[in-house]
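Breakdown of the fold
This is what each chain is made of:
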Amino acid sequence: YSFFAELIDVDLYGGLTASDFANLVNDLPAGTKGGAIAQAAIAKIGTPYSVMDCSDLSQYAYAQAGVSIPGTSVTQAQYCYNRGWVISQSDLQPGDLVFWQNATCTKGDRWNEIHHAGIYIGEGKVIEGSLSKGCVVIRMMWSTELYPIMLFCRIGM
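Residues numbered from 1 in each chain as written. Predicted model: local features only at pLDDT ≥ 70, side-chain atom pairs only at ≥ 80, totals over all residues. Heavy atoms only, no water.

1. Some thoughts on the overall build of the chain
For the record, the criterion: Counting from the N terminus, the helices are the DSSP runs of H or I reaching at least four residues and the strands are the DSSP runs of E reaching at least two. The reference for a compact globule is 2.2 Å times residues^0.38; the radius of gyration itself is calculated from the C-alpha atoms. Under the scheme applied here, a residue whose accessible area is under 20% of the maximum for its type counts as buried, over 50% as exposed, and between as partly exposed, the area being computed with a 1.4 Å probe on protein chains only. Contacts are assigned to residue pairs that have any heavy atoms within 4.5 Å of one another.
Across its full length, the chain holds 5 helices and 6 strands. Along the chain, helices and strands appear, N-terminal first, in the series α-α-α-α-α-β-β-β-β-β-β. For 157 residues, the compact-globule formula gives about 15 Å, and the C-alpha radius of gyration of the chain, at 15 Å, lands near that figure. With the C-alpha coordinates aligned to their principal axes, the bounding extent of the chain is approximately 40 × 35 × 25 Å. Put simply, the chain has 157 residues, and 45% of those count as buried. Taking as baseline every contact in the chain between residues at least 6 positions apart, the subset at least 24 positions apart corresponds to 62%.

2. Some details on the layout of surface pockets
Note the threshold: In this analysis, the protein atoms alone were mapped onto a 1 Å grid. Cavities are point sets where a 1.4 Å probe fits without being able to get out; pockets are open sets with protein on both sides within 12 Å along at least five of seven lines; lining residues have an atom within 4 Å of a point. Grid points are joined across faces, edges and corners, and a volume is the space filled by probe spheres set on the points. In this classification, Asp, Glu, Lys and Arg are treated as charged, Ala, Val, Leu, Ile, Met, Phe, Trp, Tyr, Cys and Pro as nonpolar, and every other residue, Gly included, as polar.
The volume enclosed by the largest pocket comes to roughly 330 Å³. In terms of lining residues, the largest pocket is bounded by 17 residues, among which Y49, H115, H116, L131 and Y147 are the most central. Of all the secondary structure elements, the ones that give two or more residues to the lining of the largest pocket are helix 4 (54-64), strand 3 (114-122) and strand 4 (125-130). The leading source of residues in the lining of the largest pocket is strand 4, at 3 residues. Here the residues of the lining of the largest pocket sort into 5 nonpolar, 8 polar and 4 charged.

3. Observations regarding the environment of Q101
To be explicit about the condition: We define a polar contact as two N or O atoms separated by no more than 3.5 Å, with the added condition that, inside protein, one atom must be a possible hydrogen donor and the other a possible acceptor, whereas residues neighbouring each other in sequence contribute only through side-chain atom pairs.
Along the chain, Q101 turns up in strand 2 (residues 97-101). For Q101, the residues in contact, after removing those within four places along its chain, are N112, E113, I114, L146, Y147, P148 and M150. A distance of 3.0 Å separates the side chain of Q101 from the backbone oxygen of N112, its partner in a polar contact.

As structure tokens, then:
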């Protein structure tokens, strides 16, 4: 998918050099579900958003590690919350989920207006199926006034 990303002028690796990316991947915790989840997500870098959105990515990566989670960002967030799997940002480890709220949404038809999910991969970075970038990318963890981070979760690992 690197050619696709080049065509749409998207940095798939969030500014990481090849060496930085290799170090990030090598630093993932070996033999853990979190490491396996992060590895599975990283394997999808560059996949077009039309093929894999944010919740598809998290559901896929978790399935590769043998963990079944619901299929949309809002149901994934609610699933975690209802099971008491919410953690603080300071406790994040590779494979944990990050959920964003759409602060502009006023429909009230989604639990806490959750509209986006990403997977923490370490060093302050997340991997996500990004609509704005058009594909699965690595980015620094972000939060804006319109899309604030709502919660962080670690699914029963």
